[in-house]
Amino acid sequence: MLIDLHVHTNHTRGCTATAREVVRRAREAGLDGVAITDLNTLEGLAEVREAAREENFLALCGLEVATDRGHFLCFFPDPARVPAPAQAFGSATPWPVREVLARVQALGGVAVAAHPYDKSIERPSGDVIFTLDGLSAIEGLNARRKGPANDLAVEAADHMNLPCTGASGAHELAEIGKAATLFKELVASEADLVAQLRAGAVFAVAIGVSPGAATADRGHDWHARRERGDGGGRRDHDLGGRGDGGGRGRGPRRGGRDRR
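In this text, all values refer to a predicted model and were calculated from it rather than measured experimentally. (Residues numbered from 1 in each chain as written. Predicted model: local features only at pLDDT ≥ 70, side-chain atom pairs only at ≥ 80, totals over all residues. Heavy atoms only, no water.)

### Topic: the overall build of the protein chain
Link 1 in the chain: Broken down by element type, the protein chain carries 8 helices and 10 strands.
Link 2 in the chain: Taking all 260 residues of the protein chain together, the buried fraction comes to 56%.
Link 3 in the chain: Residue pairs in contact within the protein chain that sit at least 24 positions apart in sequence constitute 75% of those at least 6 positions apart.
Link 4 in the chain: Carbon and sulfur atoms provide 48% of the accessible area of the protein chain, an area that totals close to 11000 Å². (Helix = DSSP H or I, 4+ residues; strand = E, 2+ residues; numbered from the N terminus. Buried < 20%, exposed > 50% of the residue type's maximum accessible area, 1.4 Å probe, protein only. Contact = heavy atoms within 4.5 Å. Areas by Shrake-Rupley, 256 points an atom, 1.4 Å probe, with all protein chains shown as cover.)

Structure follows, in structure tokens:
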């Protein structure tokens, strides 16, 4: 299944699309599902549920949390039971990243480091991600970020032995579906999404980009190394996931390299 894991609606400042418009556009883009991840809020959950029901399309709800060291996509098995961010993480912002990740885990959720090397946001994660516990994946392909930001995220995921997710990061309808995450098993709910992200059975996918072009754009042989490690069965536009078939082996590989 192809799901765009990072899309914003009018519950994110500066965005105007409704949940129903997002769902319709995701279907038009040929996706199997879409995850709406508004910034620091789950207030759109009821609208996501309504849009999914009325459009008969898989629409999931998470949120993008802005911390003192980067942004994180957070998903929960039952988002309706999750407290509002101010209750979950505290009233003082920016929220401390380690406390956020610990709280997400305590609530049964998973966290994905979103565009960690994107210098256009305040307080990006950068190499701090190498010191964090509680990450299930790294967003290695964000269609709104170009060049080094994605490259470094992919390298970090490889170094930490974490899977890569892909997403559009869309703030506008036209951006939806330009990248997505490939799930090996059926996803029918947030609980399924959380389980598969936790298991690492996901791969970043560039929509409409040939393998040669994707590899050339990255400027390194990461795709080729993942192809050898995965053992086959990959889609033409698959840009990678965990290639070792499991086991995150963080111990000796933990610790970043200077990318400043």
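Structure shown, so let's carry the discussion forward.
### Description of helix H1 (residues 19-28)
Link 1 in the chain: All buried positions along H1 are accounted for by Ala19, Val22, Val23 and Ala26. Axial view of H1: buried residues confined to an arc of 100°, hence all on one face.
Link 2 in the chain: Close packing links the buried residues of H1 with strand S1 (2-7), strand S2 (33-39), helix H2 (45-55) and strand S3 (58-67).
Link 3 in the chain: Positive backbone phi, at 85°, marks Gly30, one or two positions downstream of H1. (Arc of directions from axis to C-beta.)

### Looking at the pattern of salt bridges
Link 1 in the chain: Applying the stated criterion across every chain, the model contains 9 salt bridges.
Link 2 in the chain: Here Glu28 makes a salt bridge to Arg25, at a shortest N to O gap of 3.6 Å. Of this pair, Glu28 and Arg25 both sit in helix H1, 3 residues apart, roughly one helical turn.
Link 3 in the chain: With a relative accessible area of 60%, Glu28 lands in the exposed category. (Salt bridge = Lys/Arg side-chain N within 4 Å of Asp/Glu carboxyl O.)

### Some thoughts on the confidence of the model for the protein chain
Link 1 in the chain: With 80% of its residues at a pLDDT of 70 or more, the protein chain has an overall mean of 86.
Link 2 in the chain: Low pLDDT, under 50, characterises residues 214-237; the stretch is placed with 47 contacts to residues that sit more than four places away or in other chains.
Link 3 in the chain: Every residue in residues 242-260 scores below 50 in pLDDT, and together they form 56 contacts with partners more than four places removed in sequence or on other chains. (pLDDT = per-residue confidence, 0-100.)

### Some points on the side chain of His8
Link 1 in the chain: Tracing the chain through its elements places His8 in the loop between S1 and H1.
Link 2 in the chain: A relative accessible area of 3% means that His8 is categorised as buried.
Link 3 in the chain: Within the structure, His8 has its side chain in polar contact with the side chain of Thr12 (distance 3.0 Å).
Link 4 in the chain: Only 3.0 Å separates the side chain of His8 from the side chain of Glu64, close enough to count as a polar contact.
Link 5 in the chain: The residues touching His8, leaving out its near neighbours within four places in the chain, are Cys15, Val22, Thr37, Asp38, Leu39, Glu64, Gly169, Ala170 and His171. (Polar contact = N/O pair within 3.5 Å; in protein donor to acceptor, adjacent residues only side chain to side chain.)

### Description of the nonpolar core
Link 1 in the chain: Among the nonpolar cores identified, the biggest contains 59 residues, and Val34, Phe72, Cys74, Ile129, Leu132, Leu135 and Ile138 are the most heavily contacted of them.
Link 2 in the chain: The dominant element in this core, judged by the number of residues it contributes, is helix H5 (residues 148-160), at 6 residues.
Link 3 in the chain: Of all hydrophobic cores here, the second largest spans 18 residues; its members include Val112, Val187, Val194 and Leu197. (Core = buried A, V, L, I, M, F, W, Y, C linked by side-chain atoms within 4.5 Å.)

### Considerations on the packing of H1 against H2
Link 1 in the chain: Put simply, H1 and H2 touch, their axes get as near as 8 Å, and they point 45° apart. One element, H1, and the other, H2, form an angle in the oblique class. Between H1 and H2 lies a crossing of right-handed hand. Between H1, through Ala19, Arg20, Val23, Arg24 and Arg27, and H2, the contact on the second element is made entirely by Glu47, Val48, Glu50, Ala51, Glu54 and Glu55.
Link 2 in the chain: The class makeup of the residues in the contact of H1 with H2 is 4 nonpolar, no polar and 7 charged. (Axes fitted to C-alpha atoms, helices over the stretch in contact; angles between N-to-C directions. Parallel < 35°, antiparallel > 145°, perpendicular 65-115°, else oblique. Left-handed = near helix turned anticlockwise from the far one by under 90°. Nonpolar A, V, L, I, M, F, W, Y, C, P; charged D, E, K, R; others polar.)

### Some thoughts on the pairing of strand S7 (residues 164-167)
Link 1 in the chain: The alternating pattern of S7 places Cys164 and Gly166 on one face and Thr165 and Ala167 on the opposite face, and all of these are buried.
Link 2 in the chain: Sheet topology note: the strand S6 (residues 135-142)/S7 ladder contains 4 bridges and is parallel. Within the sheet, the bridge partner assigned to Ile138 lies in S7 and is Cys164.
Link 3 in the chain: Considered for its hand, the β-α-β crossover made up of S6, H5 and S7 is right-handed. (Pairing = 2+ DSSP bridges. Right-handed = clockwise from strand over helix to strand, strands pointing away.)

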